[in-house]
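Understanding the architecture of this molecule
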Amino acid sequence: MATPKQIDEQVQLERDQIRQGLKRLRDNTRRLEESNYSSASVYGIASIDTLLPLVVEQIEDTNIRIRKGKNGKSFKEIQQYITGLEPLAAAAITCKITFDKVFGYKDSSNLIVNVCDSIGKAVEDECQLRHYEEHAPGLLNILKKNYWHKACGTHQKITVISTLMNRCKVKKWEAWGRANRIKLGAWLLDCLLETSGWFEKECRREGRKTVNYVVPTPEFLEIKDEVMANAELFSPLTWPMLIPPNDWTNHQPGGYLLNEVMRGHELVRRGDDLRIQGETPIAFLNHIQKVAYTLNPFIVDVAETLQKRGIAVGKFLPIIDHPLPPKPVDIADNKDSRKAYRRAAAEVRNRNAQEFKRSCRTRMTMEAATRFKGVDNFYIPWSFDYRGRTYPIPAFLTPQDTDFGKSLIRFADQAFLTPESEDWLSFQVATTYGRTKDTMQERLDWVKNNSTLIGAVALDPIGNIGVWEAAEEPWQFLAACDEYYHCLMVCDRHYTSLMIATDATCSGLQILAGLARDESTAKLVNVVPSDKPQDAYQVVADVARPNCPKEYRYFMDRKTVKRTVMTVPYNAKPFSNRSYIREALKEKGVEIDKDNLSLIVKAVRGAMHTVVPGPMAVMKWIEDEVSKVIKRGVDELEWATPSGFVVHQKLMKKNVEILNLQLLGRCQLKVATDDTDEVDISRHKAATAPNLIHSLDASLIHLSAVKFNAPIALIHDSVLSRATDMSQLSSVIRETYMYLFAEHDYLTDFAKQIGAETIPPIIGDLEPSSVVQSTYFFC
């Protein structure tokens, strides 16, 4: 029970979260405005989303008048420039540039001639890139990959691309000229002004001149203030808590103490507030919120040192400031020297800008670590997604962070070392290094044989960066080396609180194997006992290999098929399978044409029907039955999991237009923000099997965690505990899996809940009780 003093400290912390969140929102908005990028602000995004359909309609009406020859004199010269650009693209560019210029801080940025010129220039830039895409698509794609993300701004991007295109003798782009750009921009700006009522022309007397500006109307300023006020309501930062979070109930929110911080955080994310959840899921959620964490001082110290030195390791990406090149002595007189220096300096500035962007998450993580440095215990508020999976509400210092983020924390409650915990500490060292396919004994032996390496890393992590950064999870490996060295090598630490992680073997196939009672699949994913970890990915690769084109058979290994095998249980289709296999082959230095790629995808999917017949049959049955249910007039699906969590799946069609802009990237613009009244049968068919799997692996965790009376953390289908408790936790999970699929025929229950017309395809040759003896079910 928290004391009054602790409660006061937590309230003060949450008030700091409110203040700092509000400051961050206002600072970000101001920085965007100062950078002439107001379209990316909160009010800019919301306003453009509302305004866009109106501007599109106005442009389309004007285009109709042009085609009918009813255009005035002002349209005659610009007609040629707008015929190749769809109204949606023109409207998006117009809205973006107008918001950037009108709310920009730069002098005269909202001068009407400057706004019109900028709109016209942006339209010309878009058309110029489309010109290059038409005449040299392959070259444009290569140039984008090599130069696009290195450039600081749109102007530099266009300059780089056009310069290189000219060098390669691509058909030259004929510039429109400033006068035509201004005329085109003025027409588009008029379309925006006429439809929105949010901007107007304002004449100002400046000396002897009368100057025209574009300014927001009082009506829009009220809308802007309202949007910002609403954004401020949801701006508080989310940090861990100094006391256990409030308990959740079906009627009262849990988590943070202050309503201002909890606003927007529901028990079930994207769920239906009217659904009553079972006692077990809520008890589980409140149980994991009582787990106390603390920072790992060893990792914090290493991170602070590397941050000061600007050294990146794995997901730890501090700001690396590359110095500008020295100016040549003849820069004032030598044109070539001046040009070469400017080019070299621009490249360095681009690199520094990219380094700053890449370091964003690391900087925010280190800010959180600094805030909680010296705090003995902190707690994490959690909530569900609509399938029952659990997510931390804070963004940093949680078990679901990056490799670096996870290494920063450990359980606050320590446990006295036991002989069995020694093996689990060794397991963590070997697993984080990358020995995930070794047997348990092989992992233990690897640690014994590499004790010198482990000791060197623990004693001098800075001097041995080259050793530990080569690990698969370098920061967690570093934390494990420190714990192993002090607990088992020099024995000056007799308690442990390091988080040991075990993971399901292809969770989707494990769940589907249990639903189908499919013994052959269960063996491949370690549901039944074996002497060593089974490798379903390699088996699928071996079966697929003879049916692949000869020149690619050598490259058909587990790595090539892994992502496909992992995602097929979640209803991944051949299109995404193609990209996964193409990327895997590319990493091996192998290029493949589309015809051979199609043959390989067909071979891999065919192999899965042979290797894992039960899961494939269950997925096909779910898709067929969902289709029948929706066609009978049902517009939403609902099922209760074995833990009592109620999944509510409502998927309606949306009005969405896809706009491909070279300058703005591929933008998906939702013309209607609300769902339509039409059920999206395709999304229901694709989503039901994955959502069922996720709801069942969540249910497995719910039922297991409430039986476990020791610190526990979760990463979806992975569980974390202290080394002293992992054997017990593994046993509880295996027993719970047996309960789910041996004592209950859940697939038949699911069929009744969704109103299926046919009985599910259950093979029935698996005895799930054997999972109790499976060493590698979670490993």
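Everything numeric in this text was worked out from a predicted model, so none of it was measured.

Observations regarding the overall build of the protein
For the protein, the helix and strand inventory stands at 31 helices and 17 strands. Its C-alpha atoms give the protein a radius of gyration of 30 Å, near enough to 28 Å, the size a compact globule of 779 residues would have. On the principal axes, the C-alpha backbone points of the protein span a range of 90 × 65 × 65 Å. Taken over 779 residues, the protein has a buried fraction of 52%. A sequence separation of at least 24 residues applies to 74% of the contacts in the protein between residues at least 6 apart.

Quick look at the sheet that holds strand β3 (residues 268-269)
Sheet strands associate in pairs through backbone hydrogen bonding, adopting either a parallel or an antiparallel arrangement. Across the sheet, which stays open at both edges, the 3 strands sit in the order β3-β6-β7 with mixed pairing between neighbours. Both outer strands of the open sheet, β3 and β7 (390-392), are each paired with one neighbouring strand and no more. With 2 bridges joining them, β3 and strand β6 (residues 382-385) adopt parallel strand pairing. Bridge pairing in β6 links Arg269 to Asp385. Relative to the sheet, helix α12 (residues 279-288) contacts β6 and β7, its axis offset from that of β6 by approximately 145°.

Topic: helix α31 (residues 746-754)
When we look at burial in α31, the residues that qualify are Tyr746, Leu747, Phe750, Ala751 and Ile754. Buried residues of α31, seen end-on, are gathered within an arc of 145° and therefore sit on one face of the element. Contacts made by the buried residues of α31 are with α22 (507-516), α28 (613-631), β12 (637-640) and α29 (681-705).

Quick look at the packing of helix α26 (residues 574-587) against helix α27 (residues 594-611)
Following both chains from N to C, one finds α26 and α27 inclined at 110°, their axes separated by 9 Å at the closest point. If you check the angle between α26 and α27, you find them roughly perpendicular. Along the contact surface, α26 presents Pro574, Asn577, Arg578, Ile581, Arg582 and Leu585, while α27 presents Lys594, Leu597, Ser598, Ile600, Val601, Val604 and Arg605. A class-by-class count of the residues in the contact of α26 with α27 yields 7 nonpolar, 2 polar and 4 charged.

So, the pattern of salt bridges
In this structure the tally under the stated criterion is 39 salt bridges. Where Asp117 meets Arg181, a salt bridge forms, and the shortest distance between an N and an O atom there is 3.2 Å. Of this pair, Asp117 sits in helix α6 (residues 112-135) while Arg181 sits in helix α9 (residues 178-196); the two residues are 64 residues apart in sequence, bridging distant segments of the chain. Both residues of the pair, Asp117 and Arg181, count as buried. For Arg493, the salt bridge identified is with Glu483, shortest N-O distance 2.8 Å. A residue pair is termed long-range when its members are at least 10 positions apart, and Arg493 in the loop between α21 (474-489) and β10 (495-496) and Glu483 in helix α21 qualify at 10 residues. Owing to a relative accessible area of 22%, Arg493 belongs among the partly exposed residues under this scheme. When salt bridges that share partners are traced, they join Lys23, Asp27, Arg30 and Glu34 into one network.

Quick notes on the packing of aromatic side chains
Working definition: an aromatic ring pair is given by the centre-to-centre distance plus the angle between the planes. Counted under the stated rule, the structure contains 24 aromatic pairs. A centroid spacing of 4.8 Å and a plane angle of 65° characterise the contact between Phe404 and Trp475, whose relative ring orientation is edge-to-face. Of this pair, Phe404 sits in helix α16 (residues 403-407) while Trp475 sits in helix α21, placing them 71 residues apart in sequence. Chaining the aromatic ring pairs together yields one cluster made of Tyr43, Phe99, Phe103, Trp198, Phe199 and Phe220. Positioned above the aromatic ring of Tyr213, the side-chain terminus of Arg204 is 4.0 Å from the ring centre. Over the ring of Tyr43 we find Lys224; its NZ or CZ atom is 4.6 Å from the centre of that ring.

Observations regarding the confidence of the model for the protein
Averaged over every residue, the pLDDT of the protein is 87; the share at 70 or more is 92%. Considering only residues more than four positions removed or in separate chains, one finds that residues 665-673, a stretch of pLDDT under 50, has 26 contacts.

Observations regarding the pairing of strand β4 (residues 292-295)
For a regular strand, side chains alternate in direction, first toward one face of the sheet and then toward the other. Along β4, one buried face is formed by Ala292 and Thr294 and the opposite face, lined by Tyr293 and Leu295, is buried too. In this structure, β4 lies alongside strand β5 (residues 378-379), joined through 2 bridges in antiparallel fashion. Looking across to β5, one finds that Ala292 is bridged to Tyr379. Alignment of β4 against strand β8 (residues 409-411), held across 3 bridges, turns out to be antiparallel. Bridge pairing links Tyr293 to Phe411 in β8.

What counts, and where the lines are drawn
Position numbers for residues count from 1 along each chain, tracking the sequence in the order it is written. The model is predicted, so local features are restricted to residues of pLDDT at least 70 and side-chain atom pairs to those at 80 or more, both for listing and for counting; the totals for chains, interfaces and linings are taken over all residues. Hydrogens and waters are ignored; side-chain quantities use all the structure's heavy atoms. Working definition: helices are DSSP H or I runs of at least four residues, strands are E runs of at least two. Numbering for both runs from the N terminus. The quantity called the radius of gyration is restricted to C-alpha atoms. Its globule counterpart is 2.2 Å times the number of residues to the power 0.38. For every residue, the accessible area obtained with a 1.4 Å probe (protein chains only) is divided by the maximum for its type, and the residue is called buried under 20%, exposed over 50%, and partly exposed between those limits. Residues count as neighbours in contact if any of their non-hydrogen atoms are within 4.5 Å of one another. Two strands pair under a simple rule: DSSP has to find at least two bridges between them. Here, axes are lines fitted to C-alpha atoms. For helices the fit covers the stretch in contact, and angles between N-to-C directions go from 0 to 180 degrees. Note: the arc covers the axis-to-C-beta directions of the helix. Note on angle classes: values under 35 degrees are labelled roughly parallel, values over 145 roughly antiparallel, values of 65 to 115 roughly perpendicular, and the remainder oblique. In this classification, the charged set is Asp, Glu, Lys and Arg, the nonpolar set is Ala, Val, Leu, Ile, Met, Phe, Trp, Tyr, Cys and Pro, and all remaining amino acids, among them Gly, are polar. One speaks of a salt bridge when a side-chain nitrogen belonging to Lys or Arg is within 4 Å of a carboxyl oxygen belonging to Asp or Glu. Aromatic rings from Phe, Tyr and Trp, taking only the six-membered ring of Trp, are treated as a pair when their centres fall within 6.5 Å; an angle between ring planes under 30 degrees marks them as stacked, one over 60 as edge-to-face, and anything in between as tilted. Ring-over charges, as used throughout, are those where CZ of Arg or NZ of Lys falls within 6 Å of the ring centre and within 35 degrees of the ring normal. pLDDT expresses how confident the predictor is about each individual residue, on a scale running from 0 to 100.

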